[in-house]
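Residue-level listing of the chains:
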Amino acid sequence: MKNNAQKAARLSVAPMMDWTDRHCRYLHRLLSQQTLLYTEMVTAPALVRGGALHLLDFNAEEHPVALQLGGSDPAELAEAARLGAQAGYDEINLNCGCPSDRVQSGAFGAVLMQTPELVADCVAAMREAVEVEVTVKCRIGVDEQEPEQVLPDFLEKIREAGCQRVTIHARKAWLQGLSPKENRDIPPLDYNLVHRMKAAFPDLHVSINGGIATLADAKAHLDQGLDGVMVGRAAYHQPADVLCAADPEIYGIGAASNPAYAVRQMLPYIEARLTEGAKLNQITRHMLGLFAGKPGARQWRRMLSEGACRAGAGPDLVLEALAQVESRAAA
């Protein structure tokens, strides 16, 4: 039986292009059994027109796991959602936050903040197509929009279309003048606005995203009444700091996990993926930050970075790097 994605959404790891692939998610699941995990954004045209169904591959151990879709055509998104549900995802999420300025047909991401009626049509079509929950991830606004005005209207429309859960990145996106990378840092955060939206829409499950780097930060937002917190780069670069204590501290379940134990649990997974033709560095690149700030972290990163690209590299290298960490910790 699959986990309840809404319950899991008290803490989630953000969808991040080139980062939150299936290898990354498998590692994160070893660190936290409860946290909701998201795929990288998969575009609806790639699935429906391109037939790239391999983009839906995931491991059963990843549950609860959500598929994030990009697109703006209701019928195409409905078909992509259907494919995602058939693949077994626990949630289908529509990306309305990626700072892309592609406004031709196939537009996706934050540009959709300008057309809430279209987003509502997309949500309604996706909900009609699947039984799993359809959610939205959005910004507080784009370009010259006034967030205090446009965000309530946006939320109202998607709620009317049947969306009951939304994640709000508490920054504007500037479609002109800033790169996607700059859009993650430069527009100022407005956490208070997100909290006001929860007060204005008490029946919506509202998660906050943007600049949240620690479990303590996440707990502060939850304590102030939000339903969930989504953590991005911190969960990737310092996964143990964010995820190891998440189950007991955020969900009140179980005990904190151990990153060294998780490394050992990764070894059979690594062996299986190498047998399928994967390269070691495709997996270990997500493990580089596991011991960030701990004794031996530099040696761990160096051994994996330098060694995982070599022909024939396998689990033995990972064990050797772990031994370096453990010997430093014992010293």
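Described in the following lines is the structure provided in the data block. (Residues numbered from 1 in each chain as written. Predicted model: local features only at pLDDT ≥ 70, side-chain atom pairs only at ≥ 80, totals over all residues. Heavy atoms only, no water.)

Turning our attention to the overall build of the protein chain. The helix and strand inventory of the protein chain stands at 15 helices and eight strands. In summary, the protein chain has a C-alpha radius of gyration of 20 Å against a globular reference of 20 Å for 331 residues, a match within 12%. If you line up the protein chain on its principal axes, its C-alpha atoms span 60 × 45 × 45 Å. Sequence-distant contacts, at least 24 apart, represent 72% of the contacts inside the protein chain between residues at least 6 apart. Just so you have it, the protein chain exposes about 14,100 Å², and 49% of that area is on carbon and sulfur atoms. Computed over 33 positive and 40 negative side-chain charges, the separation of the two mean positions in the protein chain equals 6 Å. (Helix = DSSP H or I, 4+ residues; strand = E, 2+ residues; numbered from the N terminus. Rg over C-alpha atoms; globule rule 2.2 N^0.38 Å. Contact = heavy atoms within 4.5 Å. Areas by Shrake-Rupley, 256 points an atom, 1.4 Å probe, with all protein chains shown as cover. Lys, Arg positive; Asp, Glu negative; His and termini not counted. Charge placed at Lys NZ, Arg CZ, Asp CG, Glu CD.)

Now for the packing of helix 6 (residues 147–160) against helix 7 (residues 191–200). The interhelical angle for the contact between helix 6 and helix 7, taken along N-to-C directions, is 40°, at an axis separation of 11 Å. Here helix 6 is positioned oblique relative to helix 7, judged by the angle of their axes. Both helix 6 and helix 7 take part in a crossing whose hand is right-handed. Residues Pro147, Glu148, Leu151, Pro152 and Leu155 of helix 6 form the contact with helix 7, whose participating residues are Leu193, Arg196 and Met197. Counted by class, the contact of helix 6 with helix 7 contains six nonpolar, no polar and two charged residues. (Axes fitted to C-alpha atoms, helices over the stretch in contact; angles between N-to-C directions. Parallel < 35°, antiparallel > 145°, perpendicular 65-115°, else oblique. Left-handed = near helix turned anticlockwise from the far one by under 90°. Nonpolar A, V, L, I, M, F, W, Y, C, P; charged D, E, K, R; others polar.)

The parallel closed barrel is built from eight strands, whose spatial order is 1-2-3-4-5-6-7-8. In this sheet, adjacent strand axes meet at a mean angle of 25° when their direction is disregarded. Examined bridge by bridge, strand 1 (residues 11–13) and strand 2 (residues 36–43) share two bridges and lie parallel to one another. Residue Val13 lies in a different strand from strand 2, and its bridge partner there is Leu37. Lying over the sheet, helix 6 contacts strand 4 (91–96), strand 5 (133–139) and strand 6 (165–169), oriented at roughly 170° with respect to strand 5. On the sheet, helix 7 packs against strand 6 and strand 7 (205–209) and is oriented at approximately 175° with respect to strand 7. (Pairing = 2+ DSSP bridges.)

What follows concerns helix 12 (residues 259–275). Since there are 3.6 residues in each turn of an α-helix, residues three or four apart along the chain are aligned in direction. Counted at 1.5 Å a residue, the expected span for helix 12 with its 17 residues is 24 Å, and the 24 Å between its end C-alpha atoms agrees. Within helix 12 the residues assigned to the buried category are Pro259, Ala260, Ala262, Val263, Met266, Leu267, Tyr269, Ile270 and Arg273. Residues of helix 12 that are buried sit in contact with helix 2 (22–31), helix 10 (239–243), helix 13 (280–284), helix 14 (297–307) and helix 15 (315–330). Near the N-terminus of helix 12, the side chain that reaches the backbone nitrogen of Ala260, with its oxygen 2.8 Å away, is that of Asn258. Gly277 lies just past helix 12 and shows a positive phi near 110°. (Expected span 1.5 Å × (residues − 1). Buried < 20%, exposed > 50% of the residue type's maximum accessible area, 1.4 Å probe, protein only. Polar contact = N/O pair within 3.5 Å; in protein donor to acceptor, adjacent residues only side chain to side chain.)

Time to look at the nonpolar core. One finds Leu69, Val136, Leu155, Ile168, Met287 and Trp300 to be the most contacted residues of the largest nonpolar core, which totals 108 residues. Filtering out sequence-adjacent residues up to four positions away, Met287 remains in contact with Leu27, Val263, Met266, Ile270, Trp300 and Val318. (Core = buried A, V, L, I, M, F, W, Y, C linked by side-chain atoms within 4.5 Å.)

Tallying each qualifying case throughout the model produces four aromatic pairs. Ring centres 4.5 Å apart and planes at 15° place the aromatic pair Trp19 and Tyr236 in the stacked group. Placement of the pair is Trp19 in the loop between strand 1 and helix 2 and Tyr236 in helix 9 (residues 233–237), with a sequence separation of 217 residues. By relative accessible area, Tyr236 is classed as buried at 8%. Ring centres of Phe58 and Tyr89 lie 4.4 Å apart, and the angle between their planes is 40°; this geometry places the pair in the tilted category. You can see Phe58 sitting in the loop between helix 3 (44–48) and strand 3 (65–70) and its partner Tyr89 sitting in the loop between helix 4 (74–87) and strand 4, a full 31 residues away along the chain. (Phe/Tyr/Trp six-rings, centres within 6.5 Å; stacked < 30°, edge-to-face > 60°.)

Moving on, we get to the environment of Gly51. With respect to the element layout, Gly51 can be found in the loop between helix 3 and strand 3. For the pair Gly51 and Leu322, spaced 271 residues apart in the sequence, the C-alpha separation amounts to 40 Å.

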